[in-house]
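What the coordinates show
Take a look at the letters that make up each chain.
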Amino acid sequence: MKDSNFLKENNARHLWHPMAHPADSLAIPPEIIVGGEGVTITDVDGRTVVDGVGGLWNVNLGYSCQPVKDAISEQLDRLPYYSIFRGTTNDLVIELSWMLRAFFEPDGLSRAFFTSGGSDGVEIALRLARQYHKIRGEAGRVKFLSLKKGYHGTHTLGASVNGNSNFRTQYEPLMPGCHHIPSPYTYRNPFGETDPEKLAQLCLAALEDEIKFQDPSTIAAMIMEPVLGAGGVIPPHESFMPGVREICSKHGILLIADEVITAYGRTGAWSGSRRFGVKPDIAVTAKAITNGYFPFGAVMISDAVSEVFENDSSGKAAIGSGYTYSGHPVGAAAAIACLKETERLNVKDNAAARGEQLHAGLRRLGEKYDLVGDVRGGYGLMCALELVSDRGTKAPIDKATISKVQKTAYDAGAMVRVSGNNIILSPPLVLSEDDVNTLLTSLDKGLGSV
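This paragraph deals with the overall build of the protein chain. Per the secondary structure count, the protein chain includes 15 helices and 16 strands. Taking 450 residues into account, the globule formula puts the C-alpha radius of gyration at 22 Å, and the protein chain, at 22 Å, falls close to it. The principal-axis extent of the C-alpha atoms belonging to the protein chain is close to 65 × 60 × 40 Å. Residue burial in the protein chain is summarised as follows: out of 450 residues, 54% are buried. Contacts spanning at least 24 positions in sequence make up 72% of the contacts within the protein chain whose residues lie at least 6 apart. Within the structure as shown, the protein chain displays about 19300 Å² of accessible surface, and the carbon and sulfur contribution to it stands at 52%. Charge separation in the protein chain, taken as the distance between the mean sites of 44 positive and 51 negative side-chain charges, equals 3 Å.

Below, the structure written as structure tokens:
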């Protein structure tokens, strides 16, 4: 590795960072992370902090998961790559597909289509949804519905169903036929409704209205996160996702669950859909499937959808989608080891307990500081603070102030994520009570610095 002087001198000068303005990265160079152990990360200056971001929602098992590291190393020696395009496969994707079928059986999902990550998976899921209807003779079903504030990656079709203008405006025009309904966001919504149950019903009514306006026979699928993540952690009322499922079923619309963040334990259940007792037609998973150690994803498909494809004799079910790295043997090895360790540690239960502790601590901070407009959480280790300059008007806090909160918290011992005027927390699922306390005391110092 180059020395620290070289790294600091060249930081952000020769690369553009995702989700950042190049000028901002030059003006305020990113923290240079050079090590990770357990639930902590270490920067180039030797400072070690608790990672409240979990990498990027994906390092559920922390940075010292030796079984996954060993599986990657061993597979690199045995078979570092081979394609699973038509005519060839590898042993580990076969084993992994069998394991995933068992893992997602309670969700009614039985087939796996492997990808390189979440954005790839969303693209596959949307394409398969259109293809499903074409095979069945309903070629007019091409439109998609999604939630405002929802996040579904940044490929063009995924960006088109995204519900956040930050990922849309500079890239428009996007794909036609993508329509959005209000999300069950109690702090900001067009109905002025703060009661979660009443708001859920209003959003469901808006969904029903949009379906009627578009004509159900033109809609292929509804895609949604069980708990909205990157949009600011928006926890819905328990009735919301079951209500979406019921409406979609009534109109012959497929329900795609974007479980890229929520699968594998983060919500306190093995999947977000399971947390709400819903069986989607398709689910997109990635991130924690390899603990972030290798780019990999799996789109899971229900029996009902897979039967339409597998029983087709017209040729329309030939899948014309896939990636060079679909079913990568090293990724499959990592996923097998990760899934075994995820289940062995039963991380969903710790996510539920530590999530409750974290959410309660954040509520206390919300009572202490006026700049905290809203505190969100309640479903495992997915929490957020929305910061405002005025509680009465809910005016978002400015970039400089929230950046100071983040920087002070980091100096005090915790990495937290800024997204707009939100502080988002998505730590590894293996963190301890003491680790949660470190997150809270660091945030306390951050909020108290402004």
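Turning to the pattern of salt bridges, a few remarks are in order. Opposite charge on two side chains permits them to pair, given that their charged atoms come into close proximity. The final tally for this structure, using the stated rule, is 24 salt bridges. In this structure, D91 and R78 form a salt bridge, with 3.0 Å as the shortest nitrogen-oxygen distance. With D91 in helix α5 (residues 91-103) and R78 in helix α4 (residues 66-78), this residue pair connects regions lying 13 residues apart in the sequence. Through salt bridges with shared partners, a single network forms among E31, D43, R47, K407 and D411.

On to the sheet that holds strand β14 (residues 414-415), then. Spatially, the four strands line up as an open sheet ordered β1-β2-β3-β14, and their pairing is mixed. If you trace the sheet from one side to the other, it starts and ends with β1 (33-37) and β14, each paired once. Strand direction decides the pairing type here: strand β2 (residues 40-43) and strand β3 (residues 48-51), joined by three bridges, are antiparallel. Note that in β3 the partner of T42 across the bridge is T48.

The angle between the axes and the distance between the axes are what describe a pair of packed helices. Where helix α6 (residues 118-135) contacts helix α11 (residues 303-310), the axes come no closer than 10 Å and their chain directions differ by 60°. The angle between α6 and α11 falls in the class oblique. Both α6 and α11 take part in a crossing whose hand is left-handed. Counted together, L128, Q131, Y132 and I135 of α6 and A304, V305, V308 and F309 of α11 form the full contact between these two elements. Its residues assigned to classes, the contact of α6 with α11 shows seven nonpolar, one polar and no charged.

Strand order in the open sheet formed by seven strands is β4-β10-β9-β8-β7-β5-β6, with mixed pairing between adjacent strands. The sheet is open, and its two borders are formed by β4 (109-115) and β6 (178-181), each paired with just one other strand. Across this sheet, the average inter-strand angle for adjacent strands is 20°, counted without regard to direction. Taken strand by strand, helix α8 (residues 196-214) contacts β5 (143-147), β6 and β7 (219-224), and its axis lies near 155° from that of β6. Here α11 sits on the sheet and contacts β4, β8 (254-258) and β10 (297-302); the angle it forms with β10, its principal contact strand, is near 85°.

For E246, the position within the fold is in helix α9 (residues 240-250). Its relative accessible area of 59% is what places E246 among the exposed residues. Separated by 59 residues in sequence, E246 and V305 place their C-alpha atoms 17 Å apart.

Let us look at the nonpolar core. Counting residues in hydrophobic clusters, the biggest one holds 96 residues, and the most contacted among them are L100, M222, V244, Y264, L362, L387 and L447. Residue contacts for L387: discarding those within four places in its chain leaves L371, V372, G373, P396, I397, I402, V405, N421, I423 and L447. If you look at the next biggest cluster of nonpolar residues, it comprises 28 residues, including A220, I223, V284 and V299.

It is worth spelling out a nonpolar patch on the surface at this point. On the surface, Y81, Y82 and Y325 cluster together to form a nonpolar patch covering roughly 330 Å² of accessible area. Position of Y81 among the secondary structure elements: in the loop between α4 and α5. Taking the relative accessible area as the measure of exposure, Y81 reaches 31% and is therefore partly exposed.

With that settled, consider the packing of aromatic side chains. Inspection of the entire model under this criterion finds eight aromatic pairs. Here Y151 and F167 contribute two aromatic rings whose centre-to-centre distance is 5.0 Å and whose plane-to-plane angle is 65°, an arrangement assigned as edge-to-face. Placement of Y151 in the loop between β5 and α7 (156-161) and of F167 in the loop between α7 and β6 is noted, with a sequence separation of 16 residues between them. In textbook terms, an aromatic cluster arises when at least three aromatic residues are bridged by ring pairs, as seen for F103, F104, Y264 and W270. Note that K394 overlies the ring of Y187, its terminal NZ or CZ placed 4.4 Å from the centroid.

Another aspect to go through is the environment of A205. Within the secondary structure, A205 is located in helix α8. We classify A205 as partly exposed; its relative accessible area is 45%. As a C-alpha pair, A205 and V244 span 39 residues in sequence and 9.9 Å in three-dimensional space.

Each value, and the rule that gives it
Residues numbered from 1 in each chain as written. Predicted model: local features only at pLDDT ≥ 70, side-chain atom pairs only at ≥ 80, totals over all residues. Heavy atoms only, no water. Helix = DSSP H or I, 4+ residues; strand = E, 2+ residues; numbered from the N terminus. Rg over C-alpha atoms; globule rule 2.2 N^0.38 Å. Buried < 20%, exposed > 50% of the residue type's maximum accessible area, 1.4 Å probe, protein only. Contact = heavy atoms within 4.5 Å. Areas by Shrake-Rupley, 256 points an atom, 1.4 Å probe, with all protein chains shown as cover. Lys, Arg positive; Asp, Glu negative; His and termini not counted. Charge placed at Lys NZ, Arg CZ, Asp CG, Glu CD. Salt bridge = Lys/Arg side-chain N within 4 Å of Asp/Glu carboxyl O. Pairing = 2+ DSSP bridges. Axes fitted to C-alpha atoms, helices over the stretch in contact; angles between N-to-C directions. Parallel < 35°, antiparallel > 145°, perpendicular 65-115°, else oblique. Left-handed = near helix turned anticlockwise from the far one by under 90°. Nonpolar A, V, L, I, M, F, W, Y, C, P; charged D, E, K, R; others polar. Core = buried A, V, L, I, M, F, W, Y, C linked by side-chain atoms within 4.5 Å. Patch = residues over 30% accessible without salt bridge, like charges linked within 9 Å, V, L, I, M, F, W, Y side chains within 5 Å. Phe/Tyr/Trp six-rings, centres within 6.5 Å; stacked < 30°, edge-to-face > 60°. Lys NZ or Arg CZ within 6 Å of the ring centre and 35° of its normal.

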